[in-house]
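# Analysis of the macromolecular model
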Amino acid sequence: MDKSSTLLVHYDKGTPAVAKEIKEALEGNDVEAKVDAMKKAVMLLLNGETIPQLFITIIRYVLPSEDHTIQKLLLLYLELIEKTDSRGKVLPEMILICQNLRNNLIHPNEYIRGVTLRFLCRLKETEIVEPLTPSVLQNLEHRHPFVRRNAILAVMSIYKLPNGEQLFVDAPEMIEKALSTEQDPSAKRNAFLMLFTCAEERAVNYLLSNVDKVSDWNESLQMVVLELIRSVCKTKPSEKGKYIKIIISLLSATSSAVIYECAGTLVSLSSAPTAIRAAANTYCQLLLSQSDNNVKLILLDRLSELKSSHREIMVELIIDVLRVLSSPNLDIRRKTLDIALDLITHHNINEVVQMLKKEVVKTQSGELEKNGEYRQMLIQAIHACAVKFPEVASTVVHLLMDFLGDSNVASALDVISFVREIIETNPKLRVSIITRLLDTFYQIRAGKVCPCALWIIGEYCLSLSEVESGISTIKQCLGDLPFYSVSEESEPTETSNKIQPTSSAMVSSRKPVILADGTYATQSAASETTFSTPTVVQGALTSGNLRALLLTGDFFLGAVVACTLTKLVLRLEEVQSSKTEVNKTVTQALLIMVSMLQLGQSPASPHPIDNDSYERIVLCIKLLCHRNDEMKKIWLEFCRQSFVKMISEKQLREMEELKAKTQTTHAQPDDLIDFFHLKSRKGMSQLELEDQVQDDLKRATGEFTNDENDANKLNRILQLTGFSDPVYAEAYVTVHHYDIALEVTVINRTKDTLQNLCLELATMGDLKLVERPQNYSLAPATSMQIKANIKVSSTETGVIFGNIVYETSNVMERNVVVLNDIHIDIMDYISPAVCSDVAFRTMWAEFEWENKVAVNTKIENEREFLDHIIKSTNMKCLTGPSELDGECGFLAANLYAKSVFGEDALVNVSIEKQTDGTLSGYIRIRSKTQGIALSLGDKITLKQKGSS
């Protein structure tokens, strides 16, 4: 059976040592050989070997040695060996070592005394320690600080033993006396720690009598002071006012660790604005002074917690927080922007946007490799600012439009999405945005950005000059027509008709030709350049972005070009009085569309045009040939209305989420009302008054009410054994973020005393036991609580299983009671989260683990089934309500959640209603790690059949 160890030694696994070899080395006179032998003996003990035959050899040959290394190894050996028998009695041979320990405690060498005192700190056997107590006390007044500091720790350890108070009746008084005269910082810290642990009142009195000197104390002592303050204020909240003054004085300490702990203690003890402001300022100062990225991330987490509970104070520090953007680490920058975006108000929006604009300009330098990613984050942040406060949009939109041609496609996509939203929500900026977009359109090189830009041009070019400029810009970016021709003779006729490539074209395509850059290619590959004369190729470099993308086979873009031209022509008909000009433009638009169809059906294209794009372009041709008012209304009005509806739904959703966040619990109607103004203010500082006000407000708004009531606790209790078992056990499971706490209640239902009762646990999955519970004795018909902590390292369904082992006085055999398994639910680690559609698609493409679950349910309504899956998986539906409306017999939705370990969980639900009324389809789960995908799949398989 495993036992707890107080020792951890690095061990290179090799050939295990033999007890006989160790014994021979120990009996010799070679000091080096003895040291190696002792090390091997310690290693064997650590690996579970008992080697009892070595004990007498070590007593005879090692104990008398004067070598310091051997004496240190001897103490490690004594620390590891079993000192008691099966009944808990000290072994008789242990008396042999007591005299040696006493000699060590009065040894002239300080090192021997110090390590022996440190060894006593780990002894739990009162019978061995008792004869040594006078010698330990003598060392409290030793001249060397190394001995004194270890003597204080030894006194503390012995005093904490079950009968320790009888061994050292006046230990706290002696330590207090030693503390008042002690000069060594470490010894002073140990003495104060002993008083704090064993006699808290004395520690408090000493602290209050030396308040003025606290700021001059050593860093380690100041840390213990803060620990004492937290402990005292937890038990006596009414007295925290005088301790807060000490904490604020420590905020000016030189140690960063002390300052950080001070700020954390302030936040935990007080809600007074002055205290919170001081803590927040401290975190901001540490952010700028610390170079370690992990430290910065921890500090940002603390600021994020402050933001959620004290937003009005954090708003004042938003510029200080944004200064952290100077760090090159992307995680730090992302977290900083997330915090800052929640702190924006009408008062600071201009300063924040100005700072973000400066950062955007800095990213153009190109010094850092991740500048594109950082620019994307900044653009998203500015977008969020402009949506919240439309008045700032005019100051940033033109700057951001310079990045429409950004090589980072994600960044350019964010810019064009921002422009699309701003042009709708800010009608005053429409003219300037359209003008700028038309001027910079030729710079856009990304196939994903062009369609959105073309949609904006088609929807928001309203005046005659804008419409004409829009058509002209598209024509310039498409270059000269045709895109493709079969031969020089048939070029004029074939470009205006939709034709299938002839066999002669296939023959000519096999001819090798030399391209403009000197490389060889077949005729079909060369046709894209051959028919673009040198002048057209030159134009494509500056403004032929649409042509270049079409020649790569992007026919979806071709369909968008056709739709945009159709809208512009229909609008031109409204604003242009000259029918001749309108007809001329219609003819040019038709020529472009037919040329795109011809390119899509030619061997010059990398792949044939897809049916969807083909039908879309043909529809545009038909519409331009047969124009009517009804179709004009659909194309020019309904499209915009759909977009407006989408924007308003998005804003409504954001408002609802904001309201949900700001909801607070309310106090019960029969709660005590505390009238602050009727209280006595005598002798209270301003900080204490503020703190009391805040406490009263919290009490009034119900923040002090405990959410976890007894009913919730009962739901978390799991029965581990049966009622007929001799030992009954049940566990209360508390799941924290990174660990699981088990409180196991064990009841002895027999009439015998259970000895060496042990709760043995094992885990399956990414769960690890932190410590193994000890042996206990349990009297008849009594109960006890055994606690066990289990670390969790990933989001995966885990299982905890084990048994209870015990002995009785009547039977020497060990009895075993097998426990029920405890299943750890993945839902405890998953929380709903939000991400953009672009981010969802990017992650969906990147993640390699997929779990495909077939739909098998009794639920017959698509929406009801989706709601059931959302509730069962604790995920957020990213698909908007309007997209899920209607009865079409088919439903597709995206769900997203994030685990406490930062893992992303993506789910796509695709279901169809069959003719017999049942639902069929698949639920696909994707994640970066296998565990979360499999666990979520098992959860969905288990839950999907239910109807509630």
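Computed from a predicted structure; not experimentally measured.

### Quick notes on the overall build of the protein chain
Counting secondary structure elements, the protein chain contains 43 helices and 18 strands. Looking at the protein chain residue by residue over its 948 residues, the buried ones come to 46%. Here the analysis covers contacts within the protein chain between residues at least 6 apart in sequence; of these, 66% occur between residues at least 24 apart. Approximately 48,600 Å² of the protein chain is accessible, and the part contributed by carbon and sulfur atoms is 51%.

### Brief notes about the sheet that holds strand β4 (residues 727–735)
By definition, the strands of a sheet pair up through backbone hydrogen bonds, in either a parallel or an antiparallel sense. The sheet built from 5 strands is open, its strands ordered β3-β4-β5-β9-β7 with antiparallel pairing. Edge positions in the sheet fall to β3 (717–719) and β7 (767–769), since each has one partner strand and no second. On average, each strand axis in the sheet is inclined to that of its neighbour by 30 degrees, with strand direction left out of account.

### Thoughts on the pattern of salt bridges
Taken as a whole and assessed by the stated rule, the structure comprises 25 salt bridges. Salt-bridge contacts for R122 lead to E79; the nearest nitrogen and oxygen are separated by 3.3 Å. Of the two residues, R122 is situated in the loop between α6 (110–120) and α7 (126–129) and E79 in helix α4 (residues 68–80); the sequence distance between them amounts to 43 residues. Among the residues examined, E79 registers a relative accessible area of 10% and is labelled buried. Its salt-bridge partner being E176, residue R202 comes within 2.6 Å of it at the nearest N-O pair. Remark: E176 occurs in helix α11 (residues 171–181) and R202 occurs in helix α13 (residues 200–209); sequence separation between them is 26 residues. When salt bridges that share partners are traced, they join E173, E176 and R202 into one network.

### Brief notes about the nonpolar core
In terms of nonpolar packing, the biggest core is built from 213 residues, with Y77, F192, L207, L303, L546 and M593 touching the most fellow members. Broken down by element, the residue count for this core peaks at 12 residues, all from helix α34 (residues 555–575). In this structure M593 touches A562, L565, T566, I617, C620, I621 and L624, once residues within four positions along its chain are discounted.

### Section: the pairing of strand β6 (residues 754–764)
Bridge count for β6 against strand β8 (residues 776–778) is 2 bridges, and the pairing is antiparallel. Bridge pairing in β8 places L757 opposite Y776. Pairing between β6 and strand β10 (residues 798–808): 9 bridges, direction antiparallel. Its bridge partner lying in β10, L759 is registered against I804.

### Here's the deal with the environment of L623
Here L623 shows up in helix α36 (residues 611–625). Spatially, the C-alpha atom of L623 lies 9.6 Å from that of L570, the residues being 53 residues apart in sequence. Contacts of L623, omitting those with residues within four sequence positions, involve T566, L570, M631 and W635.

### Considerations on the packing of helix α15 (residues 240–250) against helix α16 (residues 256–269)
The N-to-C vectors of α15 and α16 enclose an angle of 155 degrees; their axes lie 9 Å apart at closest approach. Taken together, the axes of α15 and α16 lie roughly antiparallel to each other. By crossing handedness, the relation of α15 to α16 is classed as left-handed. Between α15, through K240, I244, I247, I248 and L250, and α16, the contact on the second element is made entirely by V258, I259, C262, T265, L266 and L269. Residue composition of the contact of α15 with α16, by class: 9 nonpolar, 1 polar and 1 charged.

### What about helix α14 (residues 219–235)?
With 17 residues, α14 extends 25 Å between its outermost C-alpha atoms, agreeing within 8% with the 24 Å of an ideal straight helix rising 1.5 Å per residue. If you check which residues of α14 are buried, you get L221, Q222, V224, V225, L226, L228, I229, V232 and C233. Where α14 is buried, its residues meet α12 (185–198), α13, α15 and α16.

### Some words on unusual backbone geometry
Positive phi values are uncommon outside glycine, yet N756 reaches one of about 50 degrees. The residue N756 is located in strand β6 in this model. Among the residues examined, N756 registers a relative accessible area of 18% and is labelled buried.

### Structural notes on the packing of aromatic side chains
If you walk through the whole model with that rule in mind, you get 8 aromatic pairs. Relative to Y283, the ring of Y260 has its centre 6.0 Å away and its plane inclined at 55 degrees; by these criteria the two rings are tilted. Of this pair, Y260 sits in helix α16 while Y283 sits in helix α17 (residues 273–289), placing them 23 residues apart in sequence. Residue classification places Y260 among the partly exposed positions, given a relative accessible area of 23%.

The rules behind each value
Residues numbered from 1 in each chain as written. Predicted model: local features only at pLDDT ≥ 70, side-chain atom pairs only at ≥ 80, totals over all residues. Heavy atoms only, no water. Helix = DSSP H or I, 4+ residues; strand = E, 2+ residues; numbered from the N terminus. Buried < 20%, exposed > 50% of the residue type's maximum accessible area, 1.4 Å probe, protein only. Contact = heavy atoms within 4.5 Å. Areas by Shrake-Rupley, 256 points an atom, 1.4 Å probe, with all protein chains shown as cover. Pairing = 2+ DSSP bridges. Axes fitted to C-alpha atoms, helices over the stretch in contact; angles between N-to-C directions. Salt bridge = Lys/Arg side-chain N within 4 Å of Asp/Glu carboxyl O. Core = buried A, V, L, I, M, F, W, Y, C linked by side-chain atoms within 4.5 Å. Parallel < 35°, antiparallel > 145°, perpendicular 65-115°, else oblique. Left-handed = near helix turned anticlockwise from the far one by under 90°. Nonpolar A, V, L, I, M, F, W, Y, C, P; charged D, E, K, R; others polar. Expected span 1.5 Å × (residues − 1). Phe/Tyr/Trp six-rings, centres within 6.5 Å; stacked < 30°, edge-to-face > 60°.

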